[in-house]
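One letter stands for each residue in the lines below.
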Amino acid sequence: MLAGEETSIDIVQRWLQRRGSDDIETGSSSGSPGARAGRRSSLALTPEDEPLVDVANRSPPPAPIPSAIFYAPPEPLELLCVFPERASRVCAAACNAVARAGGEARSVRSAREALEAFRRDLETRIPHVVIVDARQPQIMDSTLLARAIRGLKNTQHTILIAVVKKSAYLKDDFAVLPYLEAGFNRVMVETLGSTAWCAEVLQARSAAASARAQVAAVTALAAAADRCRDLVAVTDDQQRVLLTNKSWCRVVGWRPDEGPRSFAETIGGEGLRLATSGARDWDAPVLLRRRASPDPVLLACKGAAVSLTRSISHIVFVCEPSNISEVERGRGSLHSIRRGSLDVRSVASDGLRRTSLAKLQGLPLEAPITKVISLLSTATEGAPPCTVACIERAVDMLRTSELYSPQMREDPKMRAEDPIATDLIGALLSGTSNVLSSRRSSNDSTVVRSQTNRSNLKHKTSGQLREILDTALCWDFEIFHLEDLTRGRPLTHLGLTLMGGRFDVCAALECDERTLLHWLTIIETNYHAVNTYHNSTHAADVLQAVACFIEKDRLKNLLEPLEAAAALISAAAHDIDHPGTSSAFLCNARHSLAILYNDVAVLESHHAALTFKLTLNDDRVNIFKNLDRDTFKSVRHNVIDMILATEMTKHFEHLAKFVNVFYAKSTGSKEDGMHTDEPLSLDTTALTSQENVILVKRMMIKCADVSNASRPQKFAFEWARRIAEEYFLQTDEEKAKELPVVMPMFDRASCSIPRSQIGFIDYIIIDMMEAWSAFIDMPELVTHARNNHQRWRELDEAGVTTIADVKRAQRQALPPSTSQPTAEE
């Protein structure tokens, strides 16, 4: 024997010893009795043996992946034989082999029985190996059965073996292809030897376990990537993005279900160049193009190319969620926001304060606004002086806590010539810190009055009433005609039509229609009929507007039945017990409600609280009585949130958040001369977030609440007359009680109704309705608002000012004369 051969045998011997194999004598041949005995002892299987799959002895995975992650839980081998012949010797041999291997085997005689057994096993144990008799196609179509099995869930790792005749197997070099295409993994010639079947089943089981372990490992790694803060993307060899985590989708604006796309559409910069050049590893910045913004974001990126062969199969991008300097400072730390400013940590004058700051730095807390400020501060590095000055000015604005609080622009010309801007709009949008706040919509006033004794309304509809209720989902719905037909009780009739009929609120709340009728009756009873504007007709009008919005495809597909029910409930009750005076009036008068709610959202808080107080106090009207605790809590939260959203002091906050989330940002601003009037681009990808759905519901009820100016002209004019009269009554009461006058312009002796409506549409309605109408695809909202604005301007130019003139204008097609109103008017 040559020395070189002895050396190679020594190497093999040492390798076998490391693997725990039996000692093999150097001079023994492969066919010696000792060698055969050794092989038999290592393969001998009994029912008491452990499962046959030895994870540790599989082929090693690629080096970057730890082998420990390729884990398959031990399971006894499960075999299913499908043989039409009752006493098939081939089937018996296979079953005996599995029994020797410590597994369990069973047999069925038809494809139907096989599928039924498989469906049962989906709930318990799935067969690891299925052997199908393919020798008699006239009795059972084996390929059809294979396709049916592959169509079931959780069968991708089941090994299908087709048993064929030797003659059929040998007559064609490609005889196995039809079986492989049908879903079989292996094809075996019929045999009666248990040894051959044992080897076949063990090989199949090992291959399946290995594949399943690899898939499980990949799934675990994908789950880890999906939950990390870094932005992760994986591409294929065609430079298409196949996998992105949640952080990547959130920053770029992708949805996980959008499918593969070229990463060149989103990624740019040095990182892209290195990735396409074939580099194995790199550390370079990349530019990410975001869907919601025209400006790309520059992020540090670490990339790697993955290849199991010589060619690259995947490219991995891992981008840091913030700039490098921010990461070095530590997440959640208190650090300097502007370049060159003093770091908070440096002002600690004693050990105690340094210790407190050190604890703060270790907390996993970081507000989104601090991230924005840090990114802006980083952008100043190396930027031109003019850009640095603009960014520092923006950072100063962001440091304030009132980011969404509107402020009137310092425009002397506007202040001198436009009392609407200084009086009406300023009063509407003032917070309760200034008690001279008011609102144009129905959200901001209420004192407690005793309930009037009214009997429950029986829901009987005449022919005329049925005819008008059939148009309940039309935007030109005759709300005032309904008010006349129901003698001032439109909410109950309209509520039963919409809530009890069209939207089936009773089914969503699991209550009966009589309970809904009682609830609508007591809600309407607690509206004050003496109010000219904030009465049950206004509540019915808002309910009808919300119903029109929900009927649109966007909201119909977005809102769940319970969410739609909560929206309709909120609309019906959003101004319950409204006295016709504003929250500011109650605060100035030191009313008990203002004391109770600390001068904050006084009326809205009262509307929400009274709604639930009346509902829960009596089982006959409790529409929530059949809901479980968690469902009731969710509905209650929705109703309260939407009622509170009608507070006009939060108007710009809700509008700004809605636009920022669902519309692409335009570049430039009015101040720097770069603002454009191009329409905003709607982006609905944010609807996947529940927080953003809440913004939609708030915007929906806000738009319904002040939709008067977006109604057809005859309705808009009547609502304007009614709200003006209510504001006049408040001003009269303020003067009589010597209280501060919230809206001085609403003095019946000097007020111009057209001017008040022009200002309201300019400052409140147009922007909000443009955003909302584009979102739900309802352009008539903007069309009516612009037409009404033009008509009010014509009346203003014609000298119309008083309510009497407005009433006359409602009856005339031409602009009314400015003559004095008649005694009747």
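Residues numbered from 1 in each chain as written. Predicted model: local features only at pLDDT ≥ 70, side-chain atom pairs only at ≥ 80, totals over all residues. Heavy atoms only, no water.

### Focus: the nonpolar core
For soluble globular proteins, nonpolar side chains are generally found buried alongside one another.
So, point 1. Core analysis: the biggest nonpolar cluster contains 115 residues, and Trp 519, Phe 549, Leu 555, Met 700, Trp 772 and Phe 775 have the highest contact counts within it.
So, point 2. Counting residues per element, this core draws most heavily on helix α32 (residues 753–776), which supplies 13 residues.
So, point 3. Once residues within four sequence positions are removed from consideration, Trp 772 is found in contact with Phe 549, Leu 555, Phe 658, Tyr 663, Val 696, Met 699, Met 700, Cys 703 and Leu 781. (Core = buried A, V, L, I, M, F, W, Y, C linked by side-chain atoms within 4.5 Å. Buried < 20%, exposed > 50% of the residue type's maximum accessible area, 1.4 Å probe, protein only. Helix = DSSP H or I, 4+ residues; strand = E, 2+ residues; numbered from the N terminus. Contact = heavy atoms within 4.5 Å.)

### Things to note about the side chain of His 128
So, point 1. On the secondary structure map, His 128 appears in the loop between α4 (111–121) and β3 (129–133).
So, point 2. Residue classification places His 128 among the buried residues on the basis of a relative accessible area of 7%.
So, point 3. Sequence-distant contacts of His 128, defined by excluding residues within four places in its chain, comprise Glu 75, Pro 76, Leu 77, Glu 78, His 157, Thr 158, Ile 159, Arg 205 and Arg 212.

### Here we look at the sheet that holds strand β1 (residues 78–82)
Remark on secondary structure: sheet strands pair via backbone hydrogen bonds, oriented parallel or antiparallel.
So, point 1. Strand order in the open sheet made by the five strands is β2-β1-β3-β4-β5, with parallel pairing throughout. Across the chains shown, the open sheet's two edge strands, defined by having one partner strand only, are β2 (104–108) and β5 (186–189). On average, each strand axis in the sheet is inclined to that of its neighbour by 20°, with strand direction left out of account.
So, point 2. When strand β4 (residues 159–164) meets β5, the two strands line up parallel, connected through four bridges. Paired with Val 164 across the strands is Val 189, a residue of β5.
So, point 3. In the packing of helix α3 (residues 89–100) onto the sheet, contacts are made with β1, β2, β3 and β4, and the angle to β1 comes to roughly 180°.
So, point 4. Against the sheet, helix α8 (residues 194–226) makes contact with β3, β4 and β5, and its axis sits at roughly 175° relative to β5, the strand it touches most. (Pairing = 2+ DSSP bridges. Axes fitted to C-alpha atoms, helices over the stretch in contact; angles between N-to-C directions.)

### Notes on the state of the cysteines
So, point 1. Summed over all chains, the structure comprises zero disulfides.
So, point 2. For Cys 81, which is in no disulfide, the shortest distance to another cysteine sulfur is to Cys 95 and amounts to 3.9 Å.
So, point 3. In this structure Cys 506 is a free cysteine whose sulfur lies 4.2 Å from that of Cys 511, the closest cysteine sulfur available.
So, point 4. For Cys 506, a relative accessible area of 9% puts it in the buried group. (Disulfide = S-S within 2.5 Å.)

### Some points on the pattern of salt bridges
So, point 1. Summed over all chains, the structure comprises 24 salt bridges.
So, point 2. A salt bridge links Glu 653 to Lys 657; the shortest N-O distance between them is 3.1 Å. With Glu 653 and Lys 657 both in helix α29 (residues 651–662) and four residues apart, the pair spans about one turn of that helix.
So, point 3. A residue is classified by how much of its surface remains accessible, and Glu 653, at 22% relative accessible area, is partly exposed.
So, point 4. The exposure class assigned to Lys 657 is partly exposed, which follows from its relative accessible area of 27%. (Salt bridge = Lys/Arg side-chain N within 4 Å of Asp/Glu carboxyl O.)

### Topic: helix α5 (residues 142–150)
So, point 1. Among the residues of α5, those classed as buried are Ser 142, Thr 143, Leu 145, Ala 146 and Ile 149. One face of α5 carries all of its buried residues, which in axial projection span an arc of 160°. (Arc of directions from axis to C-beta.)

### What to know about helix α22 (residues 536–550)
The periodicity of an α-helix, 3.6 residues per turn, causes residues three or four positions apart to be oriented the same way.
So, point 1. Look at α22: 21 Å from first C-alpha to last across 15 residues, which is about the 21 Å you get at 1.5 Å a residue.
So, point 2. With a side-chain oxygen positioned 3.1 Å from the backbone nitrogen of Thr 537, the residue opening α22 is Asn 535. (Expected span 1.5 Å × (residues − 1). Polar contact = N/O pair within 3.5 Å; in protein donor to acceptor, adjacent residues only side chain to side chain.)

### Quick look at the UniProt feature "binding site: Zn(2+) 1" (unreviewed entry) in the protein chain
So, point 1. UniProt marks His 538, His 574, Asp 575 and Asp 705 with the feature "binding site: Zn(2+) 1" (unreviewed entry), using the numbering shown here. Annotated residues spanning 168 residues; largest pairwise C-alpha distance 10.0 Å, indicating a single compact cluster.
So, point 2. Counting through the fold element by element, Asp 575 comes out in the loop between α24 (561–573) and α25 (583–588).
So, point 3. Along the chain, Asp 705 turns up in helix α30 (residues 690–705).
So, point 4. A residue is classified by how much of its surface remains accessible, and Asp 705, at 0% relative accessible area, is buried.
So, point 5. Only 3.2 Å separates the side chain of Asp 705 from the side chain of His 574, close enough to count as a polar contact. (UniProt positions renumbered as here; feature names shortened; annotations may be inferred.)

### Examining the packing of aromatic side chains
So, point 1. With the rule as written, the count across this model stands at 18 aromatic pairs.
So, point 2. The interplanar angle of 50° and the centroid separation of 4.8 Å between the aromatic rings of Phe 480 and Trp 719 together place this pair among those described as tilted. Here Phe 480, found in helix α18 (residues 479–485), pairs with Trp 719, found in helix α31 (residues 713–736); they are 239 residues apart in sequence, far enough to count as distant. Accessibility assignment for this pair places Phe 480 and Trp 719 in one class, buried.
So, point 3. Across from the ring centre of Trp 719, 5.6 Å away, lies the NZ or CZ of Arg 722, which sits over that ring. (Phe/Tyr/Trp six-rings, centres within 6.5 Å; stacked < 30°, edge-to-face > 60°. Lys NZ or Arg CZ within 6 Å of the ring centre and 35° of its normal.)

### Details of the sheet that holds strand β12 (residues 314–319)
So, point 1. Pairing is antiparallel in the open sheet, where seven strands are placed in the order β8-β7-β6-β12-β11-β10-β9. A single partner strand is all that each edge strand has here, and the edge strands are β8 (261–262) and β9 (267–268).
So, point 2. Here β9 runs beside strand β10 (residues 281–288); their pairing, made up of two bridges, is antiparallel. Opposite Gly 268, over in β10, you have Leu 287 as the bridge partner.

### Observations regarding the pairing of strand β6 (residues 231–235)
So, point 1. Judged by how many residues are buried, β6 sits mostly within the fold: five of five residues are covered.
So, point 2. In β6, alternate side chains face the same way, and those of Leu 231, Ala 233 and Thr 235 on one face and Val 232 and Val 234 on the other are all buried.
So, point 3. With five bridges connecting them, β6 and β12 associate as antiparallel partners. When the bridges of β12 are listed, Val 232 appears paired with Val 318.
So, point 4. Across three bridges, β6 lies against strand β7 (residues 240–244) in antiparallel orientation. Its bridge partner being in β7, Thr 235 is matched across the sheet by Val 241.
So, point 5. Between β6 and β7, which pair antiparallel one after the other, the connecting turn spans four residues, and Gln 239 there sits at a positive phi close to 60°.

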